[in-house]
Every structure is written in structure tokens, then in C-alpha cells.
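Chain residues, written in single-letter form:
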Amino acid sequence: RDTALRQFARGSVLRYGAEIYRSQSGAELSGQMKIFRDGKVHFEGKPTPIARTAGSASVQYVGGITLGADMPPGEYVLQLIVSETSAKNKPRSTSQFVEFEIIG
């Protein structure tokens, strides 16, 4: 399969990652992944803590999910949400998404 086309077979492992910049020092970061089909949530991962690397200007958020055999072929959207909680400021979050297709 050609992952550049974002086409995956059921049972494939879909790996994802993001680089987080300008997070506040001392703030707690968490990440969550959601998969949508036809505008509805098909799968929603639990928020998980994102570990920081000392001295790094950015933070990496990576993960993966096995695309279930029960997922019908078609168009899907993967959304990554990163939330930041700080004792000093209001909580804030950001998200990014990418479209992909399950074939055969």
C-alpha cells in the first residue's frame, strides 16, 4: 500500500505524530486521538499525558492504532488534540487533522 496516498487496509497499524512548540514551561500536556467517519466519532482515545524531554525546545506526541476489521472501507479523518494545563494560565488546546482512506 502507498502510505503517501493515505490508503490503508483494515488491520493495518496507523502511526501518527506531532511536534509541539511554545508550550509553557511547567505546564502539563495531554494528547488525545479521535477518528471520524461521515462527521461522527468512530473511535475516541482517552487523553494521555505527554512526557517532556529536558532541555528540548519542542515536545513530541506520537502513537498508533490498529485499524479494526469492523471499519468499513471509505473516507476517515484522524484528529490529534493537545491540551495544556498550567497553574498560572487558563487551559488551552489545539488540534490538527488528516484525512485517510480504508480500502478493501
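Placed above this text is the structure.
Bear in mind the structure is a predicted one, so any value in this text is a computation, not a measurement.

> Any chance you could explain the overall build of the chain here in plain terms?
Each helix and strand counted, the chain has zero helices and eight strands in total. Listing the helices and strands of the chain from first to last along the sequence gives β-β-β-β-β-β-β-β. Dimensions of the chain along its principal axes, counting C-alpha atoms only, are 50 × 25 × 15 Å. For the chain, buried positions account for 32% of its 104 residues. Long-range contacts, defined here as pairs at least 24 residues apart, represent 68% of the contacts in the chain between residues at least 6 apart.

> Help me understand the pairing of strand 3 (residues 28–37) in this model?
Residues in a regular strand point their side chains to alternate faces of the sheet. The buried fraction of strand 3 is high, at seven of ten residues. Bridge analysis of strand 3 against strand 7 (residues 74–85) gives nine bridges, and the strand direction is antiparallel. In the strand pairing of strand 7, S30 is matched with S83. Where strand 3 and strand 5 (residues 48–49) come together, two bridges link them in antiparallel fashion. Residue pairing across strands places G31 opposite T48, the latter belonging to strand 5. Pairing analysis gives four bridges linking strand 3 to strand 4 (residues 40–44), with the strands arranged antiparallel. Bridge pairing links F36 to V41 in strand 4. Counted along the chain from strand 3 to the antiparallel partner strand 4, the turn is two residues long, and its residue D38 has a positive phi close to 55 degrees.

> Any chance you could explain the pattern of salt bridges here in plain terms?
Two side chains that carry opposite charge are able to pair once their charged atoms sit near each other. Scanning all chains against the criterion turns up two salt bridges. Here E84 makes a salt bridge to R92, at a shortest N to O gap of 2.5 Å. Look at E84 and you get buried, because its relative accessible area is 6%. Look at R92 and you get partly exposed, because its relative accessible area is 41%.

> What's the story with the packing of aromatic side chains in this structure? I'm lost.
Centre-to-centre distance and the angle between the planes together describe a pair of aromatic rings. Scanning the entire structure with this criterion turns up three aromatic pairs. Ring centres of F8 and F100 lie 6.1 Å apart, and the angle between their planes is 75 degrees; this geometry places the pair in the edge-to-face category. Of this pair, F8 sits in strand 1 (residues 7–9) while F100 sits in strand 8 (residues 92–103), and the two are 92 residues apart along the sequence. F100 matches F8 in its accessibility class, with the two residues each being buried. The interplanar angle of 65 degrees and the centroid separation of 6.0 Å between the aromatic rings of Y16 and Y61 together place this pair among those described as edge-to-face. Of the two residues, Y16 sits in strand 2 (residues 13–21) while Y61 sits in strand 6 (residues 58–66), which places them 45 residues apart along the sequence. Overall, Y16 belongs to the buried group, its relative accessible area being 15%.

Each value, and the rule that gives it
Sequence order as written defines the numbering, with residues in each chain counted from 1. In keeping with the predicted nature of the model, local features appear solely for residues at pLDDT of at least 70, side-chain atom pairs appear and are counted solely at 80 or more, and the whole-chain, interface and lining totals rest on all residues. Hydrogens are left out, water is left out, and the side-chain values use all remaining heavy atoms of the structure. In DSSP terms, a helix is any run of H or I states spanning at least four residues, a strand is any run of E spanning at least two, and both are numbered starting from the N terminus. Each residue gets one of three labels from its accessible area relative to the maximum for its type: buried under 20%, exposed over 50%, partly exposed in between, using a 1.4 Å probe on protein chains only. Contacts are residue-level and defined by heavy atoms, with any inter-residue pair within 4.5 Å sufficient. A pair of strands counts as paired when DSSP detects no fewer than two bridges linking them. By definition, a salt bridge exists where a carboxyl oxygen of Asp or Glu is found within 4 Å of a side-chain nitrogen of Lys or Arg. Two rings belonging to Phe, Tyr or Trp (six-membered ring only in the last case) form a pair when the distance between their centres is within 6.5 Å. Interplanar angles under 30 degrees mark stacking, angles over 60 mark edge-to-face geometry, and anything in between is tilted.

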